[in-house]
Amino acid sequence: MPIDSATIYIHPTATISEQAVIGAGTKIWHYVHVREGARIGANCVLGKDVYVDHYVSIGNNVKIQNGVSVYHGVTLEDEVFVGPNAVFTNDLLPRAHHTDWRVVETIVERGASIGANATIVCGVRLGEHCMVGAGSVVIKNVPAHALVVGNPARTIGYVCTCGRHLHRDYAIANSNLEQFVCESCKRTYELPMLRDQREEVVRTGVDGIRFVHHNFDEDTLSAVESVLQSGWVAGCGGASARFEKELAELSHCEYAVAMNSCTSALFAAVRALEIGPGDEVIVADFSFPASGMSVMHAGAAPRFVDVRLDTYNLDIERLAALVNKKTRAVMVVHTFGQMAPTRELYEWCKARGLALIEDAACSIGSSYDGVVSGEYSDLACYSFHGRKIITTGEGGAVVTNNAELYRKVRALSSLGVDASDKYKAGGPLRYGFHQLGYNFRLSDINCAIGLQQLRHLPALLERRREAAERYRQALAGLPGFALPHVDPKAYHTYQAFVCRVENEKLRDYLMAELKKKNLHTTIGTYAQHLELLFESKEVCPNSRELRATTLTLPFHSFLGKAQVEYVAEQVRETLKFALESSHHLQS
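Residues numbered from 1 in each chain as written. Predicted model: local features only at pLDDT ≥ 70, side-chain atom pairs only at ≥ 80, totals over all residues. Heavy atoms only, no water.

### Observations concerning empty space enclosed by the protein
Counted by the stated rule, this structure contains three cavities of 30 Å³ or more. By volume, the largest cavity is sized at about 70 Å³. Surrounding the largest cavity, 13 residues form its lining, F211, V212, R387, Q495 and F555 being those nearest its centre. Residue composition of the lining of the largest cavity, by class: six nonpolar, four polar and three charged. (1 Å grid on protein atoms, 1.4 Å probe; cavity = no way out; pocket = protein on both sides within 12 Å on 5 of 7 lines; lining within 4 Å. Points joined across faces, edges and corners; volume = space filled by probe spheres on them. Nonpolar A, V, L, I, M, F, W, Y, C, P; charged D, E, K, R; others polar.)

### Things to note about the sheet that holds strand β32 (residues 371–372)
Judged by pairing direction, the sheet is antiparallel, and its three strands sit side by side in the order β32-β31-β36 without closing on themselves. With one partner strand each, in any of the chains shown, β32 and β36 (490–491) form the two edges of the open sheet. With two bridges joining them, strand β31 (residues 367–368) and β32 adopt antiparallel strand pairing. Residue S367 lies in a different strand from β32, and its bridge partner there is V372. (Pairing = 2+ DSSP bridges. Helix = DSSP H or I, 4+ residues; strand = E, 2+ residues; numbered from the N terminus.)

### Quick notes on unusual backbone geometry
Here the bond from N151 into P152 is cis, since omega is -5 degrees, no more than 30 degrees from zero. On the secondary structure map, P152 appears in the loop between β21 (146–149) and β22 (154–158). Its identity is not glycine, yet N85 carries a phi of approximately 65 degrees, on the positive side. Inspection of the secondary structure puts N85 in the loop between β13 (81–82) and β14 (87–88).

### Considerations on the layout of surface pockets
Computed from the structure, the largest pocket encloses a volume of approximately 570 Å³. The wall of the largest pocket is formed by 30 residues, among which F288, A361, C362, K388 and T525 lie closest to the centre. Contributing elements (two or more residues each) for the lining of the largest pocket: α3 (262–272), α4 (290–297) and β38 (522–523). The leading source of residues in the lining of the largest pocket is α3, at three residues. Taken together, the residues of the lining of the largest pocket sort by class into 13 nonpolar, 13 polar and four charged.

### Overview of the pairing of strand β37 (residues 497–501)
Burial analysis of β37 places five of its five residues in the buried class, which makes it a mostly covered element. Of the two faces of β37, the one carrying F497, C499 and V501 and the one carrying V498 and R500 are both buried. Here two bridges tie strand β35 (residues 481–482) to β37, and the two strands are oriented antiparallel to one another. For F481, the partnering residue across the bridge sits in β37 and is V501. Of the pairings in the sheet, the one linking β37 to strand β39 (residues 550–553) comprises four bridges and is antiparallel in character. Along β39, the bridge assignment pairs F497 with L553. (Buried < 20%, exposed > 50% of the residue type's maximum accessible area, 1.4 Å probe, protein only.)

### Focus: the side chain of S69
On the secondary structure map, S69 appears in strand β11 (residues 69–70). For S69, the contacting residues outside a window of four places in its chain are Y51, A86, V87 and F88. (Contact = heavy atoms within 4.5 Å.)

### Section: the packing of helix α2 (residues 238–250) against helix α7 (residues 444–455)
Contact geometry of α2 with α7 gives a least axis separation of 8 Å together with a crossing angle of 40 degrees. On the basis of the axis angle, α2 is oblique to α7. Viewed along their axes, α2 and α7 form a crossing whose handedness is left-handed. The segment α2 lies against α7, with G238, A239, S240, R242, F243, E246, L247 and L250 engaging D444, C447, A448, G450, L451 and L454. Here the residues of the contact of α2 with α7 sort into eight nonpolar, three polar and three charged. (Axes fitted to C-alpha atoms, helices over the stretch in contact; angles between N-to-C directions. Parallel < 35°, antiparallel > 145°, perpendicular 65-115°, else oblique. Left-handed = near helix turned anticlockwise from the far one by under 90°.)

### Remarks on the sheet that holds β35
Pairing in this open sheet of four strands is antiparallel, and the strands run β35-β37-β39-β38 from one edge to the other. Unpaired on one side and paired on the other, β35 and β38 mark the two borders of the sheet. Across two bridges, the pairing between β38 and β39 is antiparallel. Bridge assignment links T522 to a residue of β39, and that residue is T552.

### Some thoughts on the packing of helix α9 (residues 504–516) against helix α11 (residues 561–580)
Viewed as axis vectors pointing N to C, α9 and α11 meet at an angle of 130 degrees, and their least axial separation amounts to 10 Å. Classified by the angle their axes make, α9 and α11 are oblique. Once α9 is placed against α11, the crossing between them reads as right-handed. Where α9 approaches α11, its residues L506, Y509, L510, E513 and L514 are matched on the opposing element by Q570, V571, T574, L575, F577 and A578. Among the residues making up the contact of α9 with α11, the classes are represented as eight nonpolar, two polar and one charged.

### Observations concerning the pattern of salt bridges
Inspection of every chain in the model, using the stated rule, returns 29 salt bridges. A salt bridge links R168 to E178; the shortest N-O distance between them is 2.5 Å. Note that R168 is positioned in strand β23 (residues 166–171) and E178 in strand β24 (residues 177–182), a separation of ten residues in sequence. For K350, the salt bridge is made with D378, and the minimal N-O distance between the two is 3.1 Å. Separated by 28 residues along the polypeptide, K350 in helix α5 (residues 342–350) and D378 in the loop between β32 and β33 (379–383) bring together distant segments of the chain. Connected via shared salt-bridge partners are K186, D217, D219 and R455. (Salt bridge = Lys/Arg side-chain N within 4 Å of Asp/Glu carboxyl O.)

### Quick word on the environment of H97
Structurally, H97 can be placed in the loop between β14 and β15 (106–108). Measuring from C-alpha to C-alpha, the distance between H97 and S543 comes to 83 Å, with 446 residues separating the pair along the chain.

### Structural notes on the nonpolar core
Across soluble globular proteins, nonpolar side chains show a tendency to be buried alongside one another. Core analysis: the largest hydrophobic core is formed by 48 residues, its most contacted members being L46, I64, F88, I114 and L126. Contributing elements (two or more residues each) for this core: β12 (74–76), β21, β24 and β25 (188–192). Not counting residues up to four positions away in its chain, the partners in contact with L126 are I107, V108, E109, I114, I120, V132, V138 and V142. (Core = buried A, V, L, I, M, F, W, Y, C linked by side-chain atoms within 4.5 Å.)

### Some remarks on a nonpolar patch on the surface
A contiguous nonpolar patch, built from M293, M296 and L533 and spanning about 240 Å² of accessible area, is present on the exposed surface. In this structure, M293 sits in helix α4. (Patch = residues over 30% accessible without salt bridge, like charges linked within 9 Å, V, L, I, M, F, W, Y side chains within 5 Å. Areas by Shrake-Rupley, 256 points an atom, 1.4 Å probe, with all protein chains shown as cover.)

These figures come from the coordinates and say nothing about function on their own.
Right, dumping it as structure tokens:
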């Protein structure tokens with residue numbers, strides 16, 4: 001066998017048949033014996049005293065530790081790990097002398113791991129990414145992702161592709177499946193139950209498909225317990241300070257103030273800019289009415305600007321018509337996790353002497369053209385409500401790079417106390433109350449939850465984008481049904497998956513019929529100028545149309561493939577029936 005010494009390493013003590021095939025990048029160590037016809041893939045590692053029998057097939061990136069015997073009839077697929085002294089048998093009825101000896105095939109699928117001293121009896125299949133415990137004796141097939149131990153080996157749990165233990169999330173109704181989640185990378189799996197009796201769970205939707213769902217891991221419970229044991233639970237403690245620091249860093253900002261809601265945060269942002277009676281703030285119309293309410297709470301008047309039909313975000317081209325001598329600021333809303341072009345908006349505002357406030361309730365972790373929320377504005381406000389990407393149960397925050405605005409927001413949120421008063425040394429601690437303030441502080445208990453949520457934010461965002469792509473594939477090409485548009489410059493984090501249909505009657509029909517199937521949906525959000533509260537004279541036709549035609553599907557970071565496919569199937573069937581019944585298409 002010709003060996004390319006530049007790409008393959010074989011220790012001088014190893015015995016390699018000339019009829020064996022070895023892939024590039026593979027390393028073969030002391031006293032390894034590879035028989036004729038064996039095929040070993042690229043970038044493998046074979047440790048000391050490994051025996052590879054004739055015609056064994058080993059995939060790429062396989063690692064086999066010392067003393068392992070891999071007998072004829074065994075196939076190891078890519079990325080398999082085999083621990084020290086594991087043995088693969090190949091004769092189902094072994095005897096010293098008999099005439100009906102035959103090889104029985106064994107398959108170890110991609111990514112599986114086998115512990116030290118395990119024995120794999122021939123004729124079994126080890127599923128993808130399963131894990132066999134050290135010393136186990138495997139006598140039957142092992143399901144994908146299963147964790148098996150003992151003699152004979154039995155399934156005691158499941159493991160993630162990353163190798164960590166999966167935790168049960170909830171039972172999927174009307175099935176023998178449960179949803180499991182990795183508390184490290186947040187991947188979800190629908191896998192067979194590990195017990196005969198399932199416990200009842202509270203859920204929204206059919207087959208355990210929740211409209212919104214969060215998974216709180218053991219680290220979160222420990223973090224809350226630590227705060228409770230510390231005695232500092234009311235806010236402004238260690239958990240609060242760390243949460244604010246991480247929020248500021250995430251937002252490329254110097255300062256952050258954690259608050260009890262995003263509505264409080266928006267109000268504090270407006271007040272910090274000294275906006276009040278007689279002033280006006282231009283607000284993106286297609287948004288939850290807390291945006292406009294925060295302006296009214298400050299005594300100012302919201303002026304609603306229309307949005308784009310594609311991104312659902314504020315239309316910059318329509319801003320100029322609303323600017324007058326009373327205008328003090330623009331409040332942009334990053335709708336459903338897709339950021340608006342904030343740098344462009346900020347420059348537009350500064351050229352006219354206006355402040356820019358970001359209602360970033362839905363957009364934590366998102367960006368536009370490399371800019372994140374808070375980086376190019378006077379103030380940005382987050383929400384940690386239960387429907388948001390990360391949650392503290394309820395909560396919000398303001399982030400800013402302006403030190404003066406930070407001090408004002410801090411004071412407003414903490415009964416008017418200047419932030420600098422807290423750090424004055426000497427004598428009993430006394431605050432000076434020089435202005436009217438509010439108690440908007442976020443409890444350290446909530447902040448402890450928020451810290452753990454932030455730790456998982458990259459994984460949560462990755463899972464959301466995977467779920468969104470599954471929806472796109474499952475719902476592509478449906479007549480009269482438009483999937484969410486994504487601006488090519490935006491990193492969309494999908495706080496919600498909001499689609500559009502042809503008219504309000506069809507949208508409401510779909511919602512009602514899906515509800516009959518216990519599948520919860522809702523409208524996208526509101527056209528604020530239509531709400532009686534605001535008594536608005538603005539005309540926002542795009543926002544009005546979106547309020548009438550948008551449909552929000554169940555969506556969260558733990559939505560599995562089977563669940564997405566089920567929702568999509570129900571949407572397809574319901575939409576098909578509606579389109580075949582022409583009266584459902586009349587607006």
